[in-house]
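Observations on the model geometry
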Amino acid sequence: MTQTTLAMTQTIYQYYIANSLREDPILTQLRKETAKLSSSKMQIAPEEGQLLAFIIQILGATKTLDIGVYTGYSSLVAAMAMPQGKVISCDINNEWTKIAKKYWQLANQEHKIDLRIAPALETLDNLIKAGQENSFDFIFIDADKKNYDEYYERGLQLLRQGGVMAVDNVLWGGQVADLADNDENTTAIRNLNKKVLQDSRVTMTMIPIADGLTLVTKNGLPLSPA
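All figures in this text were calculated on a predicted structure; none of them were measured in a lab.

**So, the overall build of the protein**
- Across its full length, the protein carries 8 helices and 7 strands.
- Projecting the C-alpha coordinates of the protein onto the three principal axes gives extents of approximately 45 × 40 × 35 Å.
- In the protein, buried positions account for 48% of the 226 residues.
- Partitioning the contacts of the protein with sequence separation of at least 6, the portion at a separation of at least 24 is 69%.
- Put simply, the protein shows about 11700 Å² of open surface, and 53% of that area lies on carbon and sulfur atoms.
- Charge separation in the protein, taken as the distance between the mean sites of 22 positive and 26 negative side-chain charges, equals 4 Å.

**Description of helix H3 (residues 46-59)**
- Compared with an ideal rise of 1.5 Å per residue, which puts 14 residues at 20 Å, H3 spans 20 Å between its outermost C-alpha atoms and is within 8% of the ideal.
- Within the span of H3, buried status applies to Pro46, Glu47, Glu48, Gly49, Leu52, Ala53, Ile55, Ile56 and Leu59.
- Elements that come into contact with the buried residues of H3 comprise helix H1 (10-18), helix H2 (25-34), helix H4 (73-81), strand S4 (136-141), strand S5 (159-168) and strand S7 (213-218).
- In the segment just after H3, Gly60 is the residue with positive phi, at about 65°.

**Description of a nonpolar patch on the surface**
- Taken together, the side chains of Leu6, Met8 and Ile12 make up a nonpolar region of the molecular surface, amounting to roughly 280 Å² of accessible area.
- The topology assignment puts Met8 in the segment before H1.

**Overview of the sheet that holds strand S6 (residues 202-207)**
- Reading across from one edge, S3-S2-S1-S4-S5-S7-S6 is the order of the 7 strands in this open sheet, with mixed pairing throughout. Looking at the sheet topology across the chains shown, the edges are occupied by strand S3 (113-117) and S6. Each strand axis lies, on average, 15° off the axis of its neighbour in the sheet, ignoring direction.
- As paired strands, strand S1 (residues 63-67) and S4 are joined by 4 bridges and run parallel to one another. Within the sheet, the bridge partner assigned to Asp66 lies in S4 and is Phe140.
- This element, H4, spans S1, strand S2 (86-91), S3 and S4 of the sheet and lies at about 175° to S2.

**A closer look at the environment of Met80**
- If you trace the backbone, Met80 turns up in helix H4.
- In this structure Met80 touches Asp24, Leu27 and Gln109, once residues within four positions along its chain are discounted.

**Focus: the environment of Ala210**
- By the secondary structure assignment, Ala210 is in the loop between S6 and S7.
- When its relative accessible area of 45% is taken as the criterion, Ala210 is described as partly exposed.
- The sequence separation of Ala210 and Leu179 amounts to 31 residues, and the corresponding C-alpha distance is 21 Å.
- Setting aside residues up to four positions removed in sequence, Ala210 forms contacts with Ala45 and Glu48.

**Overview of the environment of Asp91**
- On the secondary structure map, Asp91 appears in strand S2.
- A C-alpha to C-alpha distance of 8.1 Å links Asp91 and Ala143, two positions 52 residues apart in sequence.
- The contact partners of Asp91, leaving out residues within four places of it in the chain, are Gly68, Val69, Tyr70, Thr97, Arg116, Ile117 and Ala118.
- A distance of 2.8 Å separates the side chain of Asp91 from the backbone nitrogen of Val69, its partner in a polar contact.

**With respect to the packing of aromatic side chains**
- What the rule picks out here adds up to 2 aromatic pairs.
- Here Tyr13 and Tyr16 contribute two aromatic rings whose centre-to-centre distance is 6.2 Å and whose plane-to-plane angle is 55°, an arrangement assigned as tilted. Within this pair, Tyr13 and its partner Tyr16 are both found in helix H1, separated by 3 residues, close to a single helical turn.
- With a centroid separation of 4.9 Å and 75° between ring planes, the pair formed by Tyr70 and Trp96 is classed as edge-to-face. Highlighted residues: Tyr70 in the loop between S1 and H4 and Trp96 in helix H5 (residues 94-106), separated in sequence by 26 residues.
- One cation-aromatic arrangement involves Lys63 over Phe136; the distance from NZ or CZ to the ring centre is 4.6 Å.

Cut-offs and rules
Residues numbered from 1 in each chain as written. Predicted model: local features only at pLDDT ≥ 70, side-chain atom pairs only at ≥ 80, totals over all residues. Heavy atoms only, no water. Helix = DSSP H or I, 4+ residues; strand = E, 2+ residues; numbered from the N terminus. Buried < 20%, exposed > 50% of the residue type's maximum accessible area, 1.4 Å probe, protein only. Contact = heavy atoms within 4.5 Å. Areas by Shrake-Rupley, 256 points an atom, 1.4 Å probe, with all protein chains shown as cover. Lys, Arg positive; Asp, Glu negative; His and termini not counted. Charge placed at Lys NZ, Arg CZ, Asp CG, Glu CD. Expected span 1.5 Å × (residues − 1). Patch = residues over 30% accessible without salt bridge, like charges linked within 9 Å, V, L, I, M, F, W, Y side chains within 5 Å. Salt bridge = Lys/Arg side-chain N within 4 Å of Asp/Glu carboxyl O. Pairing = 2+ DSSP bridges. Axes fitted to C-alpha atoms, helices over the stretch in contact; angles between N-to-C directions. Polar contact = N/O pair within 3.5 Å; in protein donor to acceptor, adjacent residues only side chain to side chain. Phe/Tyr/Trp six-rings, centres within 6.5 Å; stacked < 30°, edge-to-face > 60°. Lys NZ or Arg CZ within 6 Å of the ring centre and 35° of its normal.

As structure tokens, this is what we get:
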């Protein structure tokens, strides 16, 4: 037994993946194609995608929001985890989302995914204006870091009672722990981490999976699906 999180050596990580990961072949294909891109570090880890799918299934989610699509892995994970429902996916890049749409179609999930090519804040504000507050079962934030606080605040408005919001990259390669690092992105994530920890509106937990993942749900609300 140990009182601290086990250090993830490469040997332990390979054992962990070999004994826990159930990745759909189309997701594997998408991940391998994305790995060829110079921007591939933006791809979420497959074990993180599996955790997101697990949460979505537990929630019985039928309405999810993906803030930051990249090549579509997280949106596809969400769509595949819901027998029926809708994923609203936010991105601004047509080149990357072209790859996403190819794999959504290969997986026969494109009918569940509503891609909004526009600044995410604009899409979120439009959803709020359209009366969509308190209606999303699950929200995943993995977009530009400087706007993380804005995404978090709007996400809380859109999240339903008992829903879950997941915020990616909260450990940011360990840079958040280096107080000499005052890069704009590092500072934005560091500030949000501190804010969420002290936010009495939510119950939260930070998980050291992949690049760090924070999960929140609103306080004082039932945890069962609507």
